[in-house]
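# Notes for the structure review
In case you want the letters, here they are:
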Amino acid sequence: METTPSFVSPQGRRLAYHLTDGTGPAIVFLGGFKSDMGGTKAVHLEQWAREAGRAFLRFDYSGHGESSEDFTDGAIGDWFEDACAAIGLLAGQVVLVGSSMGGWISLLVAREMPERVAGMVTIAAAPDFTEDSMWGGFTYAQKEELMAGQVALPSDYGEPYIITRRLIEEGRNRLVLRDPLPLSFPVRSLQGTADADVDMSVALRLLDHADSPDMRLTLVDGADHRFSDDTCLDLIVSSVKEVLERVG
């Protein structure tokens, strides 16, 4: 059985990845909270990139998929570091494709290393969700439980999410909607109107808050958070192609 490639990050975490060779800028897919690089969107985009001769990278954050560490030990800052380490496998500029939490991570990467980012596509981006959606939506009892260590939240995608105190508190150091957010490259944001996990207001807030010379938001009527039916997958590909055309 073929072994998935991996490397050890500067923080000592072993990260699994798949890299397709091709022309640049390389496309980097950043997945969502508790998802992995084997998801429909990542694999579909990889197939397109292979057929188009484009360099493409997908990877698992620590505590996700085939990478090391436990999910409950991780936080936004750890996964941001993982993304930076993965991008370090590549030369030159990249186009980031961030899904849900991956949209937040993409914005953090752009803030940390703007010279590496040629463009960005976000899919149901969830910037600052640990503070605005989780902590902001917790009941008093849930906050009490969290401050004692952790709280379990129901999930439509399987077993409950275990939310740790560290995830919430560390996330406050990574917020991107409270300070200026310059994005000096083309950005295409995609959002479903039937998304029960990330409200449309988040996409509108990001559009209003970010400072970009070329940023557009596309709303897809009836699309949910998975954003993985054929129409949505085609829109992801066309958005990536449009950004690549803009950056040359």
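Overview of the structure.

Below, the discussion takes up unusual backbone geometry. A cis amide bond, omega 0 degrees, links Gly-24 with the succeeding residue Pro-25. One can find Pro-25 in strand β3 (residues 23–30). In the Ramachandran plot, Lys-34 falls in the positive-phi region, its phi being about 65 degrees despite a non-glycine side chain. On the basis of relative accessible area, Lys-34 is assigned to the partly exposed category, the value being 30%. Although it is not a glycine, Ala-124 adopts a positive phi angle of roughly 50 degrees. The topology assignment puts Ala-124 in the loop between β6 (117–123) and α4 (129–137). Classification of Ala-124 by relative accessible area gives buried; the value is 1%.

This part is about the pattern of salt bridges. According to the stated counting rule, one finds 19 salt bridges in the structure shown. Close ionic contact of Arg-50 with Glu-46 constitutes a salt bridge, the shortest N to O distance being 3.9 Å. With Arg-50 and Glu-46 both in helix α1 (residues 40–52) and four residues apart, the pair spans about one turn of that helix. Residue classification places Arg-50 among the partly exposed positions, given a relative accessible area of 43%. On the basis of relative accessibility, which here comes to 6%, the residue Glu-46 falls in the buried class. The residue Arg-188 makes a salt bridge to Glu-242 at a minimum N-O spacing of 2.9 Å. One end of the pair, Arg-188, is in strand β10 (residues 187–192); the other, Glu-242, is in helix α8 (residues 230–247), with 54 residues separating them in the sequence.

Rules used in this analysis
- Residues numbered from 1 in each chain as written.
- Predicted model: local features only at pLDDT ≥ 70, side-chain atom pairs only at ≥ 80, totals over all residues.
- Heavy atoms only, no water.
- Helix = DSSP H or I, 4+ residues; strand = E, 2+ residues; numbered from the N terminus.
- Buried < 20%, exposed > 50% of the residue type's maximum accessible area, 1.4 Å probe, protein only.
- Salt bridge = Lys/Arg side-chain N within 4 Å of Asp/Glu carboxyl O.

Shape is all these values report; function is a separate question.
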